[in-house]
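# Reading the structure
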Amino acid sequence: MMKKWIGSILVLCLYIDGIAQANKAPAYPLVTNDPYFSIWSFTDQLNESVTKHWTGTDHSLVGLISVDDRLYSFMGEPVGPVSFILPPGAEKPVEVKYTETYPGDGWINADFNDKNWLSGKMPFGMGWDKDFATEWKTKEIWTRRTFNLRELNLDQLVLELRHDDDAEVFINGIRVWSCSDCNNSELKEYKLGAEALAALRTGNNVLAVHCTNTHGWAWLDAGLGRARLLKSYTNAEQVSVNISATRTRYGFNCGPVFLDLSFLSPLLADDLNLFSRPVTYISFNVLSTDNDLHKVKIYFLGSTNVASNKKNTEMLVSQGKSGDIIYLKAGTKEQPVLKKKGDDLRIDWGYFYIAAKNDGSIKQRAPGASGSMDLPGMMETEIDLGKIRGMPAEKTILLAYDDVSSIQYFGKDLQAWWKKEFSSTEEMIGRSLNEYASINDRCKNFDARLYRDGQLAGGEEYAKLCALAYRQSLAAHKLVRGENDQLLFPQKENFSNGSIWTVDVTYPSAPLTLLYNPKLLEGMVEPIIQYSESGKWTKPFPSHDLGTYPLANGQTYPADMPVEEAGNMIILTAAICRAEGSTAFAEKHWATLSRWVEFLVNDGLDPANQLCTDDFAGHLARNANLSIKAIVGIGAFAQMAQHAGKKEEADKYAPIARDYANKWQELADDGDHYVLAFGQKGTWSQKYNLVWDKLLELHLFPSAVYEKEIKYYLGKQNPFGLPLDSRRTYTKSDWICWTATMASNINDFRSIISPVYKFAMGTPSRVPLSDWHETMDGKQVGFQARSVVGGYFIKMLEERWKGKK
């Protein structure tokens, strides 16, 4: 009994130096450095599923621990090679039976007569990459494919499927897989359960698939495979998980030992040289819980697919030593640097590293090497902790990614910021490992401070939301070194259209960088200004974006957002000036800002039919919230002019802003609230743009406007949040945080924030935090892993700025 008490005390001590912050998330951040180097667990149990890139594509990390020669799995899925039972058409187009009209009951059954169906070759498709074998233009398609099995001794049955959109899959009449509101752009593997194995029989079988194209492009390709499982392991018992700003930490019972597992991405925004390093530390801290002696080894495996856009790409793996580090390194053979752009895309150039100190306790093996676990495409690191008892044994390894060139910026390939300090990736890795102890302490202190500030600003639930949002927001960016060491901080518009430097994505994300380093916000704002100043963008308002990630050669979004982007850019510039206590940044670009404010004066009060940042809702004329943005933008420009000593301009624009604010109240009034659009009585919307009138202390709108809207919103909330407006029940969680910050008391703030927290804890959509969800059931509508959750930090920013001139 005494031994167990000692073990329990030691386990508790492992957590004394950490603060229990968020312990649940829609998906759990593991490796969070930039839009390409980003790996998550999409399930609550780390050893329940394959780890994935934020797009949902497998980027497998596997963790196993051997305790007295018994193997436990604590991370990912240690699945052996997949071999095809029924190859998909992507391997080679295959003949199937199909129909594009409803075939009637029984079509899924093996004995169904499909002789009158059409014959065609899979894949079926329209659009996408044009590699379909048979064109599919209708809304629905039903397919049947017969195959023969000689034996049923299968470890794991795997469905190979690419579908756009909704799909349901049957084996011999039994539904084995389905999804709705879903699609994928490449062939993916899905483990099938016991019911699928039970449906198979020796002899002839039928794989039947129904796919519905709900909108846009279409695709269907399907097959079956078998995977070999490692039979000699059991799952470790996950007993805890904690998420703080820079760290995700798990606790596992592995028989008679306890494993404390930590993923640390040191995204400290006040140290840009460290922030830019593309590294994540993984620490293993193991102790005996019964105080007996135990022999322990840890096996960490990382997939070479981390360095490729698609699986089955030809990869090259090497091992090396540099100074006191050893490493494994993987990259594609082709190395097409900056040759691809788009949203649902992974990097296929550069090199993925797994590195450790060369202290004699660690061995590394390339995929397929003698003595390895024989998991396909997995680079293996074996850590021998020896025999442990008493005090914990700890080892730390490091994952890193050298992307060679990060972005293309108006025809010039630019490198990551960290390369100005290091001559090689190996040098950067070596220093990062040597500095781990101090970096770890700095991150602990930062995480504790962020959480405490969140609690003081908005309460416990709000602090947890900020802890969840921090890494996701920053890791949607890449810190890049421009000409003459200009700091560039482009974001990728994740899970939307893949744009780079999107102005109306910068705008909602800005509170985080304003709080922790406004120079990063300069790196988002200044390139848009310079695009106009270069003469390449000639319209009287800012561009929407600078291209499609990672190619920033000019706007690629097909439509403009005139008032939206002009208001955004002026408000963001004013916010930078306030955060830095100087108008120097604005004065550098005064002529451009002056042109944009004139556009707002002429076109902003009563906006024409146009898009705003909520473009998914469509065009809207006379948008009351967009009008507020224009008015606040004019007022913010007048404020900058006043602080810069430009009295004539301040005296010109300040009265215009005040006059417009008064007119707005008349145009938008609808009794107990203000309308969605002027002239549309009975409608309403979140007026989240008002928050900058409050934060910048412009005092354009009286407190009665805020109070009327907040009171109305409190009566419009649904279980998972306040709808965006009266048209639909979906919402944007970043805007809810802004709307809540308009409240004059903390109780109203918390009342509006609490359903967002409920969404984050209870959404059935297991993806990196979505900012666009349904308020009735908490399901994701679209968007995930986006930087805009940096907007959650606006209440903390308000607290920081109170009384600041």
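Fair warning: this is a prediction, and the values are worked out from it, not measured in the lab. (Residues numbered from 1 in each chain as written. Predicted model: local features only at pLDDT ≥ 70, side-chain atom pairs only at ≥ 80, totals over all residues. Heavy atoms only, no water.)

### Some remarks on the overall build of the chain
The following threshold applies: Secondary structure counts use DSSP, requiring at least four H or I residues in a row for a helix and at least two E residues in a row for a strand, with both numbered from the N terminus. Only C-alpha atoms enter the radius of gyration, while the globule expectation follows 2.2 Å times N to the 0.38, with N the number of residues. The cut-offs for exposure are 20% and 50% of the maximum accessible area for each residue type, with area from a 1.4 Å probe on protein chains only; residues under the lower value are buried, those over the upper are exposed, and the others partly exposed. Contacts are residue-level and defined by heavy atoms, with any inter-residue pair within 4.5 Å sufficient. For every accessible area listed, the method is Shrake-Rupley and the probe measures 1.4 Å; residues are considered covered only by the protein chains on display. Counted charges follow a simple rule, with Lys and Arg positive, Asp and Glu negative, and His plus the chain ends left uncounted. By convention, charge coordinates are those of NZ in Lys, CZ in Arg, CG in Asp, or CD in Glu.
A tally of regular secondary structure across the chain gives 18 helices and 37 strands. The C-alpha radius of gyration computed for the chain amounts to 28 Å, which stays within 12% of the reference 28 Å derived for 805 residues, consistent with globular compactness. The principal-axis extent of the C-alpha atoms belonging to the chain is close to 85 × 70 × 55 Å. Taking all 805 residues of the chain together, 63% fall into the buried category. Once local pairs closer than 6 in sequence are excluded, the contacts in the chain between residues at least 24 apart make up 72%. Put simply, the chain shows about 28,900 Å² of open surface, and 48% of that area lies on carbon and sulfur atoms. Taking the 88 positively charged and 98 negatively charged side chains of the chain as two groups, their mean positions are separated by 3 Å.

### Description of the sheet that holds strand β1 (residues 28-32)
This is how it is decided: Pairs of strands are assigned from DSSP output, requiring at least two bridges between the strands.
One open sheet accounts for 3 strands, arranged β1-β2-β3; its pairing is antiparallel. Each edge of the open sheet carries a strand with a single partner, namely β1 and β3 (52-53). Where β1 meets strand β2 (residues 38-41), 4 bridges bridge the pair, whose relative direction is antiparallel. Within β2, the residue paired with V31 across the bridge is I39.

### A word on the sheet that holds strand β36 (residues 772-774)
Note the threshold: Only the stretch in contact is used when a helix axis is fitted, and all axes are lines through C-alpha atoms; the angle between N-to-C directions ranges over 0 to 180 degrees.
Read across the open sheet, the 3 strands follow the order β35-β36-β37; overall the sheet is antiparallel. Either end of the sheet is taken by a strand with one partner, and the two such strands are β35 (730-732) and β37 (780-782). Across this sheet, the average inter-strand angle for adjacent strands is 35 degrees, counted without regard to direction. With 2 bridges connecting them, β36 and β37 associate as antiparallel partners. Of the residues in β37, the one forming a bridge with H773 is Q780.

### So, the confidence of the model for the chain
This is how the line gets drawn: Think of pLDDT as the predictor's per-residue confidence, scored from 0 to 100.
Averaged over all residues, the pLDDT of the chain is 95; the fraction at 70 or higher stands at 97%. Segment residues 1-7: pLDDT under 50, and 9 contacts once partners within four positions in sequence are set aside and those in other chains are kept. Taken together, the stretch residues 12-16 has pLDDT below 50 and engages in 13 contacts with residues farther than four places along the chain or on a different chain.

### Considering helix α9 (residues 562-580)
Stated precisely, the cut-off is as follows: Every helix has an expected span of 1.5 Å times one less than the residues it contains.
The first and last C-alpha atoms of α9 sit 27 Å apart over 19 residues, in line with the 27 Å expected at 1.5 Å per residue. For α9, a buried count of 18 out of 19 residues is recorded, marking the element as mostly surrounded by other parts of the structure. Once α9 ends, the next one or two residues include G581, with phi positive near 65 degrees.

### Regarding the state of the cysteines
Between two cysteines, a covalent bond joining their sulfur atoms is known as a disulfide. Heads up, the condition is: In this description, the term disulfide denotes a pair of cysteine sulfurs within 2.5 Å.
Applying the stated criterion across every chain yields a total of 1 disulfide. The side chain of C179 participates in a disulfide bridge whose partner is C182; the two sulfur atoms lie 1.8 Å from each other. Measuring the twist about the S-S bond at about 75 degrees, one finds the C179-C182 disulfide to be right-handed. Classification of C182 as buried rests on a relative accessible area of 15%. With no disulfide of its own, C211 has C182 as its nearest cysteine by sulfur position, at a separation of 8.1 Å. Classification of C211 by relative accessible area gives buried; the value is 0%.

### With respect to the nonpolar core
This is how it is decided: The criterion is simple. A nonpolar core is a set of buried Ala, Val, Leu, Ile, Met, Phe, Trp, Tyr and Cys residues joined through side-chain atoms within 4.5 Å.
Y470, W692 and F793 are the most contacted members of the largest nonpolar core, which has 207 residues in total. The contact partners of Y470, leaving out residues within four places of it in the chain, are A245, T246, L267, L268, A269, F446, L450, L512, Y516 and F793.

### Looking at the packing of α9 against helix α12 (residues 624-643)
Which entries qualify depends on this criterion: Orientation labels follow simple angle bins: below 35 degrees gives roughly parallel, above 145 gives roughly antiparallel, 65 to 115 gives roughly perpendicular, and whatever is left gives oblique. Handedness of a crossing follows from how the near helix is turned relative to the far one, being left-handed for an anticlockwise turn of less than a right angle and right-handed for a clockwise one. Each residue receives one of three labels: charged for Asp, Glu, Lys and Arg, nonpolar for Ala, Val, Leu, Ile, Met, Phe, Trp, Tyr, Cys and Pro, and polar for the others, Gly being one of them.
Following both chains from N to C, one finds α9 and α12 inclined at 40 degrees, their axes separated by 8 Å at the closest point. In this view, α9 runs oblique relative to α12, as classed from their interaxial angle. Crossing of α9 over α12 shows left-handed handedness. Across the interface between the two elements, V563, E564, G567, N568, I570, I571, T573, A574 and C577 from α9 touch L626, K629, A630, V632, G633, A636, F637 and M640 from α12. Residue classes in the contact of α9 with α12 are distributed as 11 nonpolar, 4 polar and 2 charged.

### Some words on the pattern of salt bridges
Under the convention used in this document: Each reported salt bridge corresponds to a side-chain nitrogen of Lys or Arg within 4 Å of a carboxyl oxygen of Asp or Glu.
Per the counting criterion, the structure on display carries 50 salt bridges. A salt bridge links D485 to R481, with the shortest nitrogen-to-oxygen separation between them at 2.6 Å. Judged by relative accessible area, D485 falls into the partly exposed class, the value being 33%. A network of salt bridges, in which partner residues are shared, links E493, K732, D734, D771 and R786.

### Things to note about the side chain of T381
Formally: Polar contact is defined as a pair of N or O atoms within 3.5 Å, subject to the rule that within protein one atom must be able to donate a hydrogen and the other to accept it, and that residues adjacent in sequence are counted only when both atoms are side-chain atoms.
Checked against the element boundaries, T381 lands in strand β28 (residues 378-388). Here the side chain of T381 touches Q364 through a polar contact of 3.1 Å, side chain to side chain. Not counting residues within four places of it along the chain, the set of residues in contact with T381 comprises I298, Y299, F300, L328, I354, I362, K363 and Q364.

### Here we look at the packing of helix α16 (residues 733-741) against helix α18 (residues 794-801)
Two packed helices can be described by the angle between their axes and the distance between those axes. Relative orientation of the contacting elements α16 and α18 amounts to 35 degrees, with a least axis distance of 9 Å. Every residue of α18 that contacts α16 at C737, W738 and T741 is listed here: I794, K795 and E798. Looking at side-chain class alone, the contact of α16 with α18 contains 3 nonpolar, 1 polar and 2 charged residues.

### Focus: unusual backbone geometry
Cis geometry is found at the peptide bond from M122 to P123, where omega equals 15 degrees. Residue placement: P123 occurs in the loop between β8 (118-122) and β9 (124-126). Following Y549, the chain continues to P550 via a peptide bond in cis, the omega torsion being 5 degrees. Mapped onto the fold, P550 is located in the loop between α8 (518-533) and β34 (551-552).

### Side note on the packing of aromatic side chains
The condition that has to hold: Working definition: a ring pair exists when centres of Phe, Tyr or Trp rings (six-membered ring for Trp) sit within 6.5 Å. Plane angles under 30 degrees give stacked, over 60 give edge-to-face, the rest tilted.
Enumeration according to the criterion identifies 49 aromatic pairs in this entry. Relative to Y653, the ring of F637 has its centre 5.2 Å away and its plane inclined at 80 degrees; by these criteria the two rings are edge-to-face. In this pair, F637 sits in helix α12 while Y653 sits in helix α13 (residues 647-668), placing the two residues 16 residues apart along the sequence. A relative accessible area of 0% means that F637 is categorised as buried. Seen in terms of ring centroids, W684 and Y713 are 6.3 Å apart; in terms of plane orientation they differ by 45 degrees. Their pairing is tilted. Taken together, the residues W684 in the loop between α13 and α14 (691-695) and Y713 in helix α15 (residues 703-714) connect sequence positions 29 residues apart. Both residues of the pair, W684 and Y713, belong to the buried class.

### Focus on the environment of L433
Checked against the element boundaries, L433 lands in helix α4 (residues 425-434). Distance in space between the C-alpha atoms of L433 and L375 is 27 Å, their sequence separation being 58 residues. Filtering out sequence-adjacent residues up to four positions away, L433 remains in contact with Y281, I325, A355, A356, K357, T396, I397 and L398.

### Re helix α11 (residues 590-603)
Given a rise of 1.5 Å per residue, 14 residues ought to cover 20 Å, and the 20 Å separating the end C-alpha atoms of α11 matches this to within 8%. The complete set of buried residues in α11 reads W590, T592, L593, S594, W596, V597, F599, L600 and V601. Buried-residue contacts for α11 involve α8, α9, α10 (584-588), α12 and α13.

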